[in-house]
Amino acid sequence: IGPIVSVYLQVWLAIEHITLSDTPDQLVWRWTASGIYSASSCYLATFQGSMTCFSWKLIWKNWAPPRVKFFHWLASQDRCWTADRLARRGLQHQPRCPLCDQAPETMRHLLLECPFARQTWHEIL
Ligand SMILES: [Zn+2]
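Every chain is numbered independently, its residues counted from 1 as its sequence is written. A pLDDT threshold of at least 70 governs which residues receive local features in this predicted model, and a stricter bar of 80 or more applies before side-chain atom pairs are shown or counted, although totals over entire chains, interfaces and linings include all residues. Excluded from the side-chain calculation are hydrogens and water; included are all heavy atoms of the structure.

With an unreviewed UniProt entry as reference, the protein is termed Reverse transcriptase zinc-binding domain-containing protein, source organism Aegilops tauschii subsp. strangulata.

Spelled out as structure tokens, the structure:
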């Protein structure tokens, strides 16, 4: 079966139980019980199927000083000026982490993977 025939059969199966009537067509908004469009229901529909993430609480609702919260927020958005971000913008950057000289400087490397960071976390924890 060719692709056009296949689509034709799919349409046929989708509409075979539909009967047409003389009543005028009516637009129904499926995201409200009344079927009437509202901007708020449209806004809520954009989150349909998404998962709620409470990482903002981890960043903003804690005892850390505001500058630490802000840095945490920048790091979570990957918006700190690490070498990989400088490279993406075509700006001058160091090819490797200046602390360990073992890997490219990324936010993940600086905070989690760099031996200096791991040693720091080990000392703190
Ligand atoms: Zn490093």
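### Focus: the UniProt feature "domain: Reverse transcriptase zinc-binding" (unreviewed entry) in the protein
UniProt positions are given in the numbering used here, feature names are shortened, and annotations may be inferred rather than shown by experiment. In the numbering used here, UniProt assigns the feature "domain: Reverse transcriptase zinc-binding" (unreviewed entry) to residues 37-121. Spanning residues 37-121, this segment combines 52% helix with 0% strand, and its end C-alpha atoms are found 52 Å apart. Put simply, DSSP marks the helices as runs of H or I at least four residues long and the strands as runs of E at least two long, and each gets a number from the N terminus on.

### A look at the coordination of the zinc ion
Only nitrogen, oxygen and sulfur atoms count as donors, using a 2.8 Å cut-off from the metal that widens to 3.2 Å for Na, K and Ca. Water is left out, so coordination shells may look unfilled. At this site the zinc ion is bound by Cys97 (SG), Cys100 (SG), His109 (NE2) and Cys114 (SG), with donor distances of 2.1 to 2.4 Å. Here the zinc ion binds four donor atoms, and the angle range of 102 to 114° at the metal identifies the geometry as tetrahedral. Read in sequence order, the donor residues coordinating the zinc ion give the pattern C-x2-C-x8-H-x4-C. Of the two residues, Cys97 is situated in the loop between helix H5 (83-88) and helix H6 (107-113) and His109 in helix H6; the sequence distance between them amounts to 12 residues. The buried label goes to any residue with under 20% of its type's maximum accessible area, the exposed label to any with over 50%, and the partly exposed label to all in between, with areas taken from a 1.4 Å probe on protein chains only. Under the relative-accessibility criterion, Cys97 is labelled buried at 1%. Every geometry call rests on angle ranges, with four donors termed tetrahedral when all angles are between 85 and 135 degrees, four termed square planar and six termed octahedral when opposite donors are over 155 degrees apart and all others are between 65 and 115, and everything else termed irregular.

### Focus on a nonpolar patch on the surface
Like charges are joined within 9 Å and nonpolar side chains (Val, Leu, Ile, Met, Phe, Trp, Tyr) within 5 Å, but only among residues with over 30% relative accessible area and no salt bridge; these make up the patches. Per-residue accessibility takes into account occlusion by the displayed protein chains alone, with areas from the Shrake-Rupley method and a 1.4 Å probe. Salt bridges are defined as contacts in which a side-chain nitrogen from Lys or Arg sits within 4 Å of a carboxyl oxygen from Asp or Glu. Taken together, the side chains of Val5, Tyr8, Leu9, Trp12 and Leu13 present a nonpolar region at the surface, about 540 Å² in accessible area. Tracing the backbone through its elements, the reader meets Leu9 in helix H1 (residues 3-15).

### Thoughts on the layout of surface pockets
Every definition here rests on a 1 Å grid over the protein atoms only: cavities are sets of points where a 1.4 Å probe fits but cannot get out, pockets are open sets enclosed by protein on both sides within 12 Å along at least five of seven lines, and lining residues have some atom within 4 Å of a point. Grid points are joined across faces, edges and corners, and a volume is the space filled by probe spheres set on the points. Considered as a void within the structure, the largest pocket measures approximately 460 Å³ in volume. Taken together, 14 residues form the lining of the largest pocket, with Val68, Phe71, His72, Leu111 and Trp121 sitting closest to its centre. Listed by contribution, the elements that provide at least two residues to the lining of the largest pocket are helix H4 (66-76) and H6. Residue classes follow a fixed rule: Ala, Val, Leu, Ile, Met, Phe, Trp, Tyr, Cys and Pro count as nonpolar, while Asp, Glu, Lys and Arg count as charged, and any other residue, Gly among them, counts as polar. Considering only residue class, the lining of the largest pocket consists of 10 nonpolar, three polar and one charged.

### A short note on unusual backbone geometry
With phi around 55°, Asp78 is a residue other than glycine that occupies positive phi space. One can find Asp78 in the loop between H4 and H5. Assessed through its relative accessible area of 29%, Asp78 is described here as partly exposed. One non-glycine residue, Asp101, lies in positive phi territory at about 55°. Inspection of the secondary structure assignment puts Asp101 in the loop between H5 and H6.

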